[in-house]
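If you want the building blocks of each chain, they are given just below.
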Amino acid sequence: MNVQPKYRMYRRSNGAYYWEENQTQKQGSLKTKDKRIAAHLLDAMNEAQREPALNLAVGRVYLAAHDPALLAGRHG
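The rules behind these values
Residues numbered from 1 in each chain as written. Predicted model: local features only at pLDDT ≥ 70, side-chain atom pairs only at ≥ 80, totals over all residues. Heavy atoms only, no water. Salt bridge = Lys/Arg side-chain N within 4 Å of Asp/Glu carboxyl O. Helix = DSSP H or I, 4+ residues; strand = E, 2+ residues; numbered from the N terminus. Buried < 20%, exposed > 50% of the residue type's maximum accessible area, 1.4 Å probe, protein only.

**Remarks on the pattern of salt bridges**
Once the charged atoms of two side chains with opposite charge are near each other, the side chains can pair. Under the criterion given, the structure shown has 3 salt bridges. For Glu20, the salt bridge goes to Arg8, with nearest N and O atoms at 3.0 Å. Of the two residues, Glu20 is situated in strand S2 (residues 17-21) and Arg8 in strand S1 (residues 7-11); the sequence distance between them amounts to 12 residues. What makes Glu20 buried here is its relative accessible area of 10%. With its nearest N and O atoms 3.0 Å apart, the salt bridge here joins Arg50 to Glu47. One end of the pair, Arg50, and the other, Glu47, are both in helix H1 (residues 35-50), 3 residues apart, so they sit about a helical turn from each other. Arg50 gets classed as partly exposed once you look at its relative accessible area, which sits at 49%.

Printed below as a string of structure tokens:
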């Protein structure tokens, strides 16, 4: 099954990378000039569209690694 990604990446003349939604042509900045980071962010955006439940689980893992108290509600 070959499914087209929801978002594509492009680079503007200022060197910054942007995303564009394929269906609506809505655009936004990936806030980086590093192609590797931009590609990683775009992959995450597309993956979030394909597997929303997995995206939530991965987000929780990142939060737990950063600050376990965030997930336990004891931050602050």
